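Here are the chains, one letter per residue:
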Amino acid sequence: DDEGKTYRQAAVPVSLQLTSLYFLNEHLGWATGHGGLILSTVDGGEHWAVQHVNLAADQPLFSVYFRNPQDGWAVGLWSLMLVTHDGGRSWTEVALPPPPGARKADLNLFKMFGSDNGTLYITAERGYVLRSRDGSSWDYLATGMISCI
């Protein structure tokens, strides 16, 4: 509230590592994290509520994006994608198609974002970007970049 001069702890109901934040406006936002965690806030981040968590699956969520207050996506480890059409009251797992030449979808999905024309994008490992024009069907774009470890 004072341009970073002081900080205070927000009211967060869990102790899991957070990985991303997305705010649709100054009040409405979401956070993702380990344990499949999705949190939401309606007061600009002062208080947070759990919308989704799955501690049994070892799959963190790395990014969350909302097109509007109702339609959102969260993505993460091993092609995990969750979608909501009710502002996050319920989340459904989406089975993505495998990338070209692969038998299953198992990429790490790092960052999701939307363009001005409504097209959705997800950056992924192995130099892939996933693209969707409707939010439900996805195709892979090869960037020509390949990550090496």
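See the structure shown above.
Predicted model, so just to flag it, every value in this text is computed and none were measured. (Residues numbered from 1 in each chain as written. Predicted model: local features only at pLDDT ≥ 70, side-chain atom pairs only at ≥ 80, totals over all residues. Heavy atoms only, no water.)

**Q** What's the story with the packing of aromatic side chains in this structure? I'm lost.
**A** By convention here, two paired aromatic rings are described through the distance between centres and the angle between planes. Scanning the model with the defined rule gives 7 aromatic pairs in all. Aromatic side chains tyrosine 128 and tyrosine 140 sit 5.6 Å apart centroid to centroid with 75 degrees between the ring planes, which places their arrangement in the edge-to-face category. With a gap of 12 residues between them, tyrosine 128 in strand β11 (residues 128-132) and tyrosine 140 in strand β12 (residues 139-142) connect regions that are remote in the sequence. One exposure class covers both tyrosine 128 and tyrosine 140, and it is buried. (Phe/Tyr/Trp six-rings, centres within 6.5 Å; stacked < 30°, edge-to-face > 60°. Helix = DSSP H or I, 4+ residues; strand = E, 2+ residues; numbered from the N terminus. Buried < 20%, exposed > 50% of the residue type's maximum accessible area, 1.4 Å probe, protein only.)

**Q** I'm lost on the pattern of salt bridges in this one. Help?
**A** Here the idea is simple: oppositely charged side chains can pair when their charged atoms come close. Here the structure, examined in full by the defined rule, presents 3 salt bridges. Residues arginine 8 and glutamate 46 are paired through a salt bridge, measuring 2.3 Å at the closest nitrogen-oxygen approach. Here the residue arginine 8 occupies a position in the segment before β1 (18-23), and glutamate 46 occupies one in the loop between β3 (37-41) and β4 (49-52), the gap between them amounting to 38 residues. On the accessibility criterion, arginine 8 (52% relative accessible area) is exposed. Residue class for glutamate 46 comes out partly exposed when judged on its relative accessible area of 32%. One salt bridge connects arginine 131 with aspartate 139, and the closest N-O pair in it is separated by 3.1 Å. (Salt bridge = Lys/Arg side-chain N within 4 Å of Asp/Glu carboxyl O.)

**Q** Help me understand unusual backbone geometry in this model?
**A** What is expected of a backbone is that most residues other than glycine have negative phi and most peptide bonds are trans. Phi at serine 79 is positive, roughly 60 degrees, even though this residue is not glycine. Assignment of secondary structure puts serine 79 in the loop between β6 (72-76) and β7 (81-84). The exposure class assigned to serine 79 is buried, which follows from its relative accessible area of 7%. Of note, arginine 126 is a non-glycine position whose phi angle comes to about 60 degrees, a positive value. Tracing the backbone shows arginine 126 in the loop between β10 (120-124) and β11.

**Q** Honestly, the sheet that holds β3 in this entry has me stumped. Any pointers?
**A** Sheets are built from strands that pair by backbone hydrogen bonding, the pairs being arranged parallel or antiparallel. With antiparallel pairing, the 4 strands of this open sheet are ordered in space as β1-β2-β3-β4. This sheet does not close on itself; its edge strands, each paired only once, are β1 and β4. Looking at each pair of strands side by side, their axes are set apart by 25 degrees on average, direction ignored. Bridge count for β3 against β4 is 3 bridges, and the pairing is antiparallel. Looking across to β4, one finds that leucine 39 is bridged to valine 50. (Pairing = 2+ DSSP bridges. Axes fitted to C-alpha atoms, helices over the stretch in contact; angles between N-to-C directions.)

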